[in-house]
Amino acid sequence: MSEQNRRVGRNARMYGGNTAASHVTAMPIWRYRFVLAIIFMAMAVLAGRIVYLQVFDHQFLQGQGDSRTIRVQSIDAHRGMITDRDGEPLAVSTPVVTLWANPKDLPEDPVQLTRLAKALDERPADFMARVKSYRDKEFMYLKRRVTPEPASRVLALDIPGVHGRHEYKRYYPAGEVTSQLVGMTNIDDHGQEGLELAFDRYLSGIPGQRRVLQDRKGQLVRDLHMIREAHPGGDVTLSINLRLQYLAYRELKAAVNEHNADSGTLVMMDAHTGEVLAMVSLPSYNPNNRTSVDPAGLRNRSLTDAFEPGSVMKPLAMSAGLESGKFTPHTPMDTTPGWMMVDGYTIKDTRNFGKLDMTGVITHSSNIGMTHMALALPDDAIWNVYDSMKLGHPTGLGFPGEATGSLPSPFSWSKAKRATLSYGYGLSVNAVQLASAYTAITNDGKQLPPSLLKLNKPPEGHQVMSSKTAHELIQMMETVVEPGGGGTRAALEGYRVAGKTGTVRKIGDTGYQKEAYRSNFVGIAPASDPRIVTVISIDNAKGKEYYGGLVAAPIFSRVAGNALRLLDVPPDDQSKEAPGA
């Protein structure tokens, strides 16, 4: 018997003859070797993987590390500035800080959360409830667009999970005076209204990017390198003069309040360039405080509202008669008895003016005189004049929400339609279109396209009437402001004025309303050498005074007189003869 068998026998006797136990002590030898082999194989695989990653594929580990510590941050582009023609700021971007947090990193300690809530000017209970609702997320805004000083106080608390991002916020120095024209941006600094929207892409610029190193809490450790620099947005220089804008806003607001009107519009245009020097609409709003903005105040009514212009169209329609050769300023016209029937419709004057010449038709705003002229001309003569002046067409300004107005087709027109068109009914225009049409009278017969941007040189314009007709119309319109005319309240001391009043019944759900009017006035000053064209429209003035000559004409007098002095236009000699007449 071998020595091994003898040892097994002794063990069996020692443990009571249980031979099964002897086999248990023999098993670990081969199992141990098997397990040891598996461990060595696993270690070899791990070692091989480590060597592979460190030597052959080291970029994988570097990328994994970078993804946890290196981030790409966006750099906001500074939005371009909007200024008036003299460089006065109308919209500027100021630095602000947006405070945000990772709710998972915020402490649960109510003491720290209370400190943070008070620094944010929030009720602690409301703030804690808000944090609780975001606990399963990794991002929440604490407060957007905070000025740097209070933002620094919040960040100085050094509460884990709280971060700040530097941004820009739009500020409008002129407030409600230029609000509908300039417009506004939203909380993300994108244009929402007015020229901020129209020029949004140009003003916005191109954001940049930088690569930064952050710690595990998201705090900036250091800048690594710039990926792409931010390119600031372009600046926009408008045609308006801020001093004239303030003046126009003040006088228009006073008149709207005085007459308890629903709204008002004023457009002042350079007579020789087409540049808009002032554009005001009421009601307005403050773009720096939008907590209680009335949607009605957002509309730039100078462009978004189209209306029937009424008698202010008569000088433009008169140009068709003068150009035809059938009429001159002195051609006699019998308006007796002050009314007439056309196609079953009654056309009236305010009274029986009797015999007038064509200048008198303009002076007294005779509908009968205009009707006789219109019916003596070809069917489409007046329509062609209006169409050549781009009435019923877009102005080309690209302003959001612009109303193009309407100019009905001339085909198969009745006599009544031709008549109403001659005295400003049956079509609709906006205030800028109307002012642009009148530049043909102030610019030797060449109409100028309107511009909201400052121009380096005057545009060419397009000829819509002869120079002779344009000068005759100015002289005819001067009689409106002189004693005996309907617009005497538009007169200016020291300057000759040409103008035309208009009073239009408003259209309601059931047709023309009896007690609702639009009061209009178009003025040119100085008449001797035109510098400005001004269109004023007051919507639904309450009370007995609702005529254009009583409501809108006085606004022109107050605005135009100061405007000419601000523009350094010397007073003229009050002589009757205009240059080139």
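1. Notes on the overall build of the protein chain
Argument step 1. Each helix and strand in the protein chain was counted, giving 21 helices and 21 strands.
Argument step 2. Evaluated residue by residue, the protein chain yields a buried proportion of 47% over its 581 residues.
Argument step 3. Contacts in the protein chain between residues far apart in sequence, at least 24 positions, make up 70% of those at least 6 positions apart.
Argument step 4. Just so you have it, the protein chain exposes about 28,800 Å², and 54% of that area is on carbon and sulfur atoms.

2. Some thoughts on the packing of aromatic side chains
Argument step 1. Summed over all chains, the structure comprises seven aromatic pairs.
Argument step 2. Taking the centre distance of 5.0 Å and the plane angle of 80° together, the rings of Phe 139 and Tyr 141 count as edge-to-face.
Argument step 3. On the numbers, 5.4 Å between centres and 55° between planes, the contact of Phe 521 with Phe 556 is tilted. Of this pair, Phe 521 sits in strand S20 (residues 511–525) while Phe 556 sits in helix H21 (residues 553–566); the two residues are 35 residues apart in sequence, bridging distant segments of the chain. Here Phe 521 matches Phe 556 in class, with each residue buried.
Argument step 4. Three or more aromatic residues link up through ring pairs in this structure, and these residues are Trp 100, Phe 139 and Tyr 141.

3. What about helix H13 (residues 314–324)?
Argument step 1. Burial within H13 is extensive, with nine of its eleven residues counted as buried.
Argument step 2. Along H13, the positions that sit buried rather than exposed are Lys 314, Pro 315, Leu 316, Ala 317, Met 318, Ser 319, Ala 320, Gly 321 and Leu 322.
Argument step 3. Gly 325 sits one or two residues past H13 and shows a positive phi near 85°.

4. Description of the nonpolar core
Argument step 1. If you look at the biggest cluster of nonpolar residues, it comprises 113 residues, and the most contacted ones within it are Met 318, Tyr 386 and Tyr 438.
Argument step 2. If you look at the next biggest cluster of nonpolar residues, it comprises 17 residues, including Val 97, Leu 99, Ala 101 and Val 131.

5. Some thoughts on unusual backbone geometry
Argument step 1. Following Leu 282, the chain continues to Pro 283 via a peptide bond in cis, the omega torsion being 5°.
Argument step 2. Cis peptide bonds are those with omega within 30 degrees of zero, and the linkage from Thr 336 to Pro 337 qualifies with 5°.
Argument step 3. Within the fold, Pro 337 resides in the loop between strand S13 (332–334) and strand S14 (339–342).
Argument step 4. Non-glycine residue Asp 158 carries a positive phi angle of around 55°.

6. Re the sheet that holds strand S21 (residues 532–539)
Argument step 1. The five strands are arranged S12-S11-S21-S20-S19 in an open sheet whose pairing can be described as antiparallel. Only two strands of the sheet have a single neighbouring strand rather than two, namely strand S12 (276–282) and strand S19 (498–508). When strand polarity is set aside, the average angle formed by the axes of neighbouring strands in this sheet is 10°.
Argument step 2. With eight bridges connecting them, S20 and S21 associate as antiparallel partners. The partner of Ile 524 across the bridge, within S21, is Val 533.

7. Description of the environment of Ile 474
Argument step 1. With respect to the element layout, Ile 474 can be found in helix H19 (residues 467–481).
Argument step 2. Along the backbone, Ile 474 and Ile 524 are 50 residues apart, and their C-alpha atoms lie at a distance of 8.3 Å.

8. Things to note about a nonpolar patch on the surface
Argument step 1. On the surface, Trp 30, Tyr 32, Phe 34, Val 35, Leu 36, Ile 38, Ile 39, Phe 40 and Met 43 cluster together into a nonpolar patch covering about 950 Å² of accessible area.
Argument step 2. Owing to a relative accessible area of 49%, Trp 30 belongs among the partly exposed residues under this scheme.

9. With respect to the pattern of salt bridges
Argument step 1. By the definition in use, this model includes 26 salt bridges.
Argument step 2. Overlapping salt bridges, with partners in common, bring together Arg 79, Arg 170, Glu 196 and Asp 200 in one network.

10. Comments concerning the environment of Ala 527
Argument step 1. Along the chain, the position of Ala 527 falls in the loop between S20 and S21.
Argument step 2. Using a relative accessible area of 1% as the deciding quantity, one classes Ala 527 as buried.
Argument step 3. Sequence-wise, Ala 527 and Ala 498 are 29 residues apart; in three dimensions their C-alpha atoms are separated by 5.5 Å.

11. Observations concerning the confidence of the model for the protein chain
Argument step 1. A residue-level look at the protein chain finds 88% of positions with pLDDT of 70 or above and a mean pLDDT of 87.
Argument step 2. pLDDT under 50 marks residues 14–24. Its contacts with residues more than four places away, or in other chains, come to three contacts.
Argument step 3. Every residue in residues 576–581 is under pLDDT 50, and counting partners more than four places away or in other chains gives 15 contacts.

12. Concerning the packing of helix H15 (residues 367–376) against helix H17 (residues 415–422)
Argument step 1. For the pair H15 and H17, interaxial distance at closest approach is 8 Å and the crossing angle is 125°. Judged by the inter-axis angle, H15 sits oblique to H17. Crossing geometry of H15 relative to H17 is assigned as right-handed. Taking contact as the criterion, the partners of Met 370, Thr 371, Ala 374 and Leu 375 in H15 are, on H17, Lys 415, Arg 418, Ala 419 and Ser 422.
Argument step 2. Tallied by class, the residues present in the contact of H15 with H17 amount to four nonpolar, two polar and two charged.

13. Quick look at the pairing of strand S3 (residues 89–101)
Argument step 1. When strand S2 (residues 82–83) meets S3, the two strands line up antiparallel, connected through two bridges. Looking at the pairing, Ile 82 lines up with Ala 91 of S3.
Argument step 2. Two successive antiparallel strands, S2 and S3, enclose a turn made up of five residues, where Gly 87 displays a positive phi of approximately 90°.
Argument step 3. Here ten bridges tie S3 to strand S5 (residues 162–171), and the two strands are oriented antiparallel to one another. Pairing of Val 96 across the sheet is with Glu 167, part of S5.
Argument step 4. With four bridges connecting them, S3 and strand S4 (residues 140–146) associate as antiparallel partners.

Rules used throughout
Residues numbered from 1 in each chain as written. Predicted model: local features only at pLDDT ≥ 70, side-chain atom pairs only at ≥ 80, totals over all residues. Heavy atoms only, no water. Helix = DSSP H or I, 4+ residues; strand = E, 2+ residues; numbered from the N terminus. Buried < 20%, exposed > 50% of the residue type's maximum accessible area, 1.4 Å probe, protein only. Contact = heavy atoms within 4.5 Å. Areas by Shrake-Rupley, 256 points an atom, 1.4 Å probe, with all protein chains shown as cover. Phe/Tyr/Trp six-rings, centres within 6.5 Å; stacked < 30°, edge-to-face > 60°. Core = buried A, V, L, I, M, F, W, Y, C linked by side-chain atoms within 4.5 Å. Pairing = 2+ DSSP bridges. Axes fitted to C-alpha atoms, helices over the stretch in contact; angles between N-to-C directions. Patch = residues over 30% accessible without salt bridge, like charges linked within 9 Å, V, L, I, M, F, W, Y side chains within 5 Å. Salt bridge = Lys/Arg side-chain N within 4 Å of Asp/Glu carboxyl O. pLDDT = per-residue confidence, 0-100. Parallel < 35°, antiparallel > 145°, perpendicular 65-115°, else oblique. Left-handed = near helix turned anticlockwise from the far one by under 90°. Nonpolar A, V, L, I, M, F, W, Y, C, P; charged D, E, K, R; others polar.

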